Structures are given as structure tokens and as C-alpha cells.
Amino acid sequence: MNLSRPILLASNSPRRKELLAGLGLQFEVHVKEVNEDFPEHLQREQVAEFLASHKADAYTSDLQNEVLITADTIVCLGDRILNKPADALEAFEMLRALSGKHHEVITGVCILTKNSKTIFHDVTRVYFKKLSDEEINYYIEHYHPFDKAGAYGIQEWIGKIGIEKIEGSYFNVVGLPVQKLYTYLKDLQVITL
Ligand SMILES: Cc1cn([C@H]2C[C@H](O)[C@@H](COP(=O)(O)OP(=O)(O)OP(=O)(O)O)O2)c(=O)[nH]c1=O
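Nothing here was measured: the structure is a model prediction, and the numbers come from that model.

The share of residues in the chain with pLDDT of 70 or more is 100%, and the mean pLDDT across the chain is 97. Scored as a whole, the predicted complex attains pTM 0.96, and scored at its interfaces, ipTM 0.88.

The full set close to the ligand counts 21 residues, and Ser 11, Asn 12, Arg 16, Lys 55 and Lys 84 are the nearest of them. Separating an oxygen atom of the ligand from a side-chain N or O atom of Arg 15 is a distance of 2.9 Å. Between the ligand and Ala 149, the relevant distance is 3.3 Å, taken from an oxygen atom to a main-chain nitrogen or oxygen of the residue. Bound to the protein, the ligand loses 95% of the 600 Å² it would expose on its own. In this structure, the ligand is accommodated by the largest pocket. When residues of the shell around the ligand are traced back to their parent elements, those giving at least two are α1 (14-21), β4 (67-77) and α6 (170-174). Examining the composition of the shell around the ligand, we find that four residues originate from one element, β4, more than from any other. When the residues that make up the shell around the ligand are grouped by side-chain class, the tally is seven nonpolar, six polar and eight charged.

On to the UniProt feature "active site" (unreviewed entry) in the chain, then. In this structure's numbering, the residues bearing the UniProt feature "active site" (unreviewed entry) are Asp 72. Sequence-distant contacts of Asp 72, that is, excluding residues within four places in its chain, are made with Arg 16, Glu 36, Ala 48, Leu 51, Ala 52, Lys 55, Ile 106, Thr 107 and Gly 108. At 2.8 Å, the side chain of Asp 72 and the side chain of Lys 55 are in polar contact.

A few words now on the pairing of β4. Most of β4 sits out of view: 11 of its 11 residues are buried. Sheet topology note: the strand β2 (residues 7-9)/β4 ladder contains three bridges and is parallel. Paired with Leu 9 across the strands is Ile 69, a residue of β4. As paired strands, β4 and strand β6 (residues 102-112) are joined by nine bridges and run antiparallel to one another. Opposite Ile 74, over in β6, you have Ile 106 as the bridge partner. In terms of strand pairing, β4 meets strand β5 (residues 80-82) through three bridges, oriented antiparallel. What sits directly across from Cys 76, in β5, is Ile 81. Linking β4 back to β5 in an antiparallel pair, the connection comprises two residues, with Gly 78 at a positive phi of about 60 degrees.

Parameters at a glance
Residues numbered from 1 in each chain as written. Predicted model: local features only at pLDDT ≥ 70, side-chain atom pairs only at ≥ 80, totals over all residues. Heavy atoms only, no water. pLDDT = per-residue confidence, 0-100. Near = heavy atom within 4 Å. Polar contact = N/O pair within 3.5 Å; in protein donor to acceptor, adjacent residues only side chain to side chain. Areas by Shrake-Rupley, 256 points an atom, 1.4 Å probe, with all protein chains shown as cover. 1 Å grid on protein atoms, 1.4 Å probe; cavity = no way out; pocket = protein on both sides within 12 Å on 5 of 7 lines; lining within 4 Å. Sits in = over half its atoms within 2 Å of the grid points. Helix = DSSP H or I, 4+ residues; strand = E, 2+ residues; numbered from the N terminus. Nonpolar A, V, L, I, M, F, W, Y, C, P; charged D, E, K, R; others polar. UniProt positions renumbered as here; feature names shortened; annotations may be inferred. Contact = heavy atoms within 4.5 Å. Buried < 20%, exposed > 50% of the residue type's maximum accessible area, 1.4 Å probe, protein only. Pairing = 2+ DSSP bridges.

Below is the structure:
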């Protein structure tokens, strides 16, 4: 893959680094702490896009020729948005709520340059089987899913035993919709084969 300009990934997430590297791209990682509040009135797709865009805004004045990528993943159960659980009790409550139902995982992405901002999102529907309290407690105890929206990682044990099916991109659930991102980067002429 050839790059027309340097790529920066602004993310703390090891999964995002791995997924972007999986596209065969060279990039650098830069991270600034950004507050993840959002306006109440936004639709859920808009929340993921707002947060990705907001993360990118912290870098506007730093960019020269670089292309900056940011993302945000949220888990939506009906109208409820599940963020990262604060503790084991909240993680248990979230997984109990997701058990036996389907929900949507939305990742918003922002591609920022000095002169342009491109924002998009991808949605994946995830169907959980009914989880027992023992399964939920076992997962929380062994995997500590406190850095994950909705208190689970599809790539972990619970994804194997608990998820019946998904509709949409698997990688979008892990944290970066790489298929769509590749298309945007190609259309923006950031990458060529
Ligand atoms: C639902 C789900 C989420 N996640 C992760 C993706 C995200 O890293 C995290 C949601 O938090 P985010 O706020 O999207 O990202 P982050 O704070 O980890 O990283 P950044 O520095 O880029 O802001 O949950 C999984 O790894 N697997 C899953 O199945």
C-alpha cells in the first residue's frame, strides 16, 4: 500500500492500532486526553460521529501534511447508550441487559487533514444468547471488560460462547470499520495499491 501523506492514528486502543495495521498501512500513534461528553439531543449514529470528530478537533492546529484518524465505538440497546462500565457491578448490569437480545454497535470515524474533515459511521447488529449469571460473572472476573463499551469484547471468550450472530462488520464491533475506512482513504487519495 502506498501513502500520499503520513497517517496519524489518535487512539489509546490497542485494537484500533492492530486493525489499522491490518490494512497494511504505516502510521504513527499520537494520543491526547479528550472529554467524551456529548449533547443529549443527538441521535445515536450522531453520537459516535460527534465523539470521533471531537477527538480529532484536539489536533487541528498540529496538522501539516498529515492525515489524522480518530474513532469512537458505542453500544446501543434501544435508546440506551452503554459506555464503558465503571465497575464490576455496572458491567454485570450491562451484560444482563444485553443477554437474550440484540443491540447495535456503532463506530464513528473522523479523517482529518489541514483542509478537510470526513466523518462517517458503520453499524453492526449483535445478537446475544441468554447468558446465565454464572457466565456473566465468570467473564467479568477473568476478562475485566472495563475498557470496553457495553462491557464486552466480541473478540474475547464471551464473543465465542455468547454471540449467536451478527449483521454487519465484525471489525466495526472491535473498534474500527476497516472496510469502509479503506474505501474512504482510497477515495480521498490518501492510499493507493
Ligand atoms: C463492543 C466492543 C467494544 N470494544 C472496544 C472498542 C473501543 O476500544 C472501546 C470503546 O471505547 P472508545 O471510547 O471507542 O475508544 P477508546 O477510549 O478505547 O480509545 P480511543 O483512544 O480511540 O478513544 O470498546 C471491543 O474491543 N470489542 C467489542 O466487542
